[in-house]
Amino acid sequence: MTTIAKLLPMIALGFAACRSATEVSSPLDISLSLSATSAVQPAEIDVEVTVVNRDSRVVQIADPRSYACFPPYHVSDGFGRTVELPGRICAAIAFAPIQLAPGARVVIRDRWALDASDRDRGSRPVDAGQYQVRARVFGAEQERVSAPITVTVRP
């Protein structure tokens, strides 16, 4: 994973820290859909993240092409630990944020190959068990997440 891809979530969280704790709810509606919620290894699950601007004003969000370097979703195991997803090969191109008009939507498509990243062994299949998948996008100056979807992985 490139240095830029690693730093982008940290920068977004830095912006989030500057926001008021009493801020009104998000103008963005983030939804997640998966092609399957149960799978047998080896498998791939298609991930679709939809971002809709519910505000009456234009909202700035990360360009969908930005997610080529890091996934638009987060995976955690049954104990709530983050599953480190395999690194991605991408060009170190920084795309400018886009302006999402009121009522407009953006769909980001990706695929989870049910792999995890291991520093010593590289990419390997995740263990059997239950996992929580959440959409994770950057918009309206904060990281935004969806409600989780449980995925059961069987050997």
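Residues numbered from 1 in each chain as written. Predicted model: local features only at pLDDT ≥ 70, side-chain atom pairs only at ≥ 80, totals over all residues. Heavy atoms only, no water.

Points about the nonpolar core
- The biggest cluster of nonpolar side chains holds 36 residues, and the ones touching the most others in it are Val-49 and Trp-112.
- Of all elements in the fold, only strand E1 (28–34), strand E3 (45–53), strand E4 (59–61), strand E5 (73–76), strand E7 (105–112), strand E10 (129–139) and strand E12 (149–154) reach the threshold of two or more residues within this core.
- Counting residues per element, this core draws most heavily on E10, which supplies 5 residues.
- Contacts of Val-49, omitting those with residues within four sequence positions, involve Ile-30, Ser-31, Leu-32, Pro-72, Val-106, Val-107, Ile-108, Ala-135 and Val-137. (Core = buried A, V, L, I, M, F, W, Y, C linked by side-chain atoms within 4.5 Å. Buried < 20%, exposed > 50% of the residue type's maximum accessible area, 1.4 Å probe, protein only. Helix = DSSP H or I, 4+ residues; strand = E, 2+ residues; numbered from the N terminus. Contact = heavy atoms within 4.5 Å.)

Side note on the sheet that holds E1
- Pairing is antiparallel across the open sheet formed by 3 strands, whose spatial order is E1-E3-E7. Of all strands in the sheet, those bounded by a partner on one side alone are E1 and E7. Pairs of neighbouring strands in the sheet enclose a mean axial angle of 15°, with direction left out of account.
- Pairing between E3 and E7: 8 bridges, direction antiparallel. Paired with Ile-45 across the strands is Trp-112, a residue of E7. (Pairing = 2+ DSSP bridges. Axes fitted to C-alpha atoms, helices over the stretch in contact; angles between N-to-C directions.)

Quick notes on the pairing of E12
- One ladder, built from 3 bridges, connects strand E2 (residues 38–40) with E12; its direction is parallel. Directly across from Val-40, in E12, lies its bridge partner Arg-154.
- Sheet topology places E10 next to E12; 5 bridges connect them, and they run antiparallel. When the bridges of E12 are listed, Gln-130 appears paired with Thr-152.

Quick look at the pairing of strand E8 (residues 115–118)
- Covered by surrounding structure in E8 are Ala-116 and Asp-118 only, the residues Asp-115 and Ser-117 on the alternate face being uncovered.
- The pairing of E8 with strand E9 (residues 122–125) spans 4 bridges and is antiparallel. Residue pairing in the sheet places Asp-118 in a bridge with Gly-122 of E9.
- The antiparallel pairing of E8 with E9 creates a hairpin that spans 3 residues between the two strands.

Topic: the packing of aromatic side chains
- Inspection of the entire model under this criterion finds 3 aromatic pairs.
- An angle of 65° between the planes, with centres 5.4 Å apart, marks the rings of Tyr-67 and Phe-70 as edge-to-face. The same class applies to Tyr-67 as to Phe-70, namely buried.
- Centre to centre, the rings of Trp-112 and Tyr-131 are 6.1 Å apart; their planes meet at 75°, and the pair counts as edge-to-face. (Phe/Tyr/Trp six-rings, centres within 6.5 Å; stacked < 30°, edge-to-face > 60°.)

Section: the environment of Val-47
- Among the secondary structure elements, Val-47 is positioned in strand E3.
- Considering only alpha carbons, one finds Val-47 and Leu-34, 13 residues apart in sequence, at a separation of 4.9 Å.
- Once you skip the residues sitting within four places of it in the chain, Val-47 turns out to touch Leu-32, Ser-33, Leu-34, Tyr-73, Ile-108, Arg-109, Asp-110, Arg-111 and Trp-112.

Quick notes on the confidence of the model for the protein chain
- With 83% of its residues at a pLDDT of at least 70, the protein chain reaches an overall mean of 84.
- The low-confidence segment residues 1–24 (pLDDT under 50) makes 22 contacts with residues lying over four places distant or belonging to another chain. (pLDDT = per-residue confidence, 0-100.)

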